[in-house]
Amino acid sequence: MTELLQQVIAQIEQLPVDRQDAIAARFLAELAEEQAENVWVEDVRTKIDAAISASEQTPPLDGETFVNQILERFQRGRV
């Protein structure tokens, strides 16, 4: 544990129990949010890596062909 964290805990220990619990709940919520963000970032990285890998194995398309293919998919979906 770092010195700074030890200082924070020492100060929190001086507070009434209900305040200690409130601060602890905020810390736990912050840690859970940070963990969820880390999971999301890793998921996005994995998807980006997969997209890069797929794009390296796929021949390039010109913009007009790409747009026309998307339009065809939309038109088939409406029929």
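What this report covers is the structure whose coordinates are included nearby.

Analysis parameters
Per chain, residue numbering runs from 1 following the sequence as it is written. Where totals are concerned, whole chains, interfaces and linings use all residues; where local detail is concerned, this predicted model gives features only for residues with pLDDT of at least 70, and gives and counts side-chain atom pairs only at 80 or more. Note: side-chain values were computed over all heavy atoms of the structure, leaving out hydrogens and water. The way it works is that DSSP assigns letters per residue, a run of H or I at least four long becomes a helix, a run of E at least two long becomes a strand, and they are numbered from the N terminus. We take the radius of gyration over the C-alpha atoms and set the globule estimate at 2.2 Å times the residue count to the 0.38 power. We call a residue buried when its accessible area falls under 20% of the maximum for its residue type, exposed when it is over 50%, and partly exposed in between, using a 1.4 Å probe and counting protein chains only. When charges are counted, Lys and Arg are positive and Asp and Glu negative, with His and the chain ends excluded. By convention, the point assigned to a charge is CZ for Arg, NZ for Lys, CD for Glu and CG for Asp. Note on patches: the residues involved have over 30% relative accessible area and no salt bridge, like charges join within 9 Å, and the nonpolar side chains Val, Leu, Ile, Met, Phe, Trp and Tyr join within 5 Å. Note on areas: Shrake-Rupley, 1.4 Å probe, and residue coverage restricted to the protein chains presented here. Any carboxyl oxygen of Asp or Glu within 4 Å of a side-chain nitrogen of Lys or Arg constitutes a salt bridge here. Axis lines are fitted to C-alpha atoms, over the contacting stretch for helices. Their N-to-C directions set the angle, which ranges from 0 to 180 degrees. In this scheme the crossing of two helices becomes right-handed for a clockwise turn of the near helix relative to the far one and left-handed for an anticlockwise turn of less than a right angle. Note on contacts: a residue pair qualifies if any of its non-hydrogen atoms lie within 4.5 Å across the two residues. As a working rule, the residues Ala, Val, Leu, Ile, Met, Phe, Trp, Tyr, Cys and Pro are called nonpolar, Asp, Glu, Lys and Arg charged, and the rest polar, with Gly in that last group.

### Considering the overall build of the chain
In step 1: Summing up its helical and strand segments, the chain has 3 helices and 0 strands in all.
In step 2: Overall, the chain shows an N-to-C arrangement of helices and strands of α-α-α.
In step 3: For 79 residues, the compact-globule estimate of 2.2 N^0.38 gives 12 Å, and the C-alpha radius of gyration of the chain, at 25 Å, exceeds that figure by more than 25%.
In step 4: Along the longest, intermediate and shortest principal axes, the C-alpha atoms of the chain span 70 × 30 × 15 Å.
In step 5: By residue count, 3% of the 79 residues in the chain fall in the buried class.
In step 6: Once the 7 positive and 15 negative side-chain charges of the chain are each reduced to a mean point, those two points are 10 Å apart.

### Quick word on a negative patch on the surface
In step 1: On the surface, Glu 30, Glu 33, Glu 34 and Glu 37 cluster together into a negatively charged patch.
In step 2: Within the element layout of this structure, Glu 30 appears in helix α2 (residues 17-56).

### Considerations on the packing of helix α1 (residues 3-13) against α2
In step 1: Remark: α1 packs on α2, axes separated minimally by 9 Å, with the N-to-C direction vectors making an angle of 145 degrees. Once α1 is placed against α2, the crossing between them reads as right-handed. Touching Val 8, Ile 12 and Glu 13 of α1 are Gln 20, Ile 23 and Phe 27, all from α2.
In step 2: When the residues that make up the contact of α1 with α2 are grouped by side-chain class, the tally is 4 nonpolar, 1 polar and 1 charged.

### Thoughts on a nonpolar patch on the surface
In step 1: On the surface, a cluster of nonpolar side chains totalling about 500 Å² of accessible area is made up of Leu 61, Phe 66, Val 67, Leu 71 and Phe 74.
In step 2: Residue position: Phe 74 is located in helix α3 (residues 63-78).

### Notes on the environment of Leu 28
In step 1: Looking at the secondary structure, you find Leu 28 in helix α2.
In step 2: With 20 residues separating them along the chain, Leu 28 and Ile 48 place their C-alpha atoms 30 Å apart.

### Observations regarding the environment of Asn 38
In step 1: With respect to the element layout, Asn 38 can be found in helix α2.
In step 2: Considering only alpha carbons, one finds Asn 38 and Asn 68, 30 residues apart in sequence, at a separation of 37 Å.

The quantities given are spatial measurements derived from coordinates; they are silent on function.
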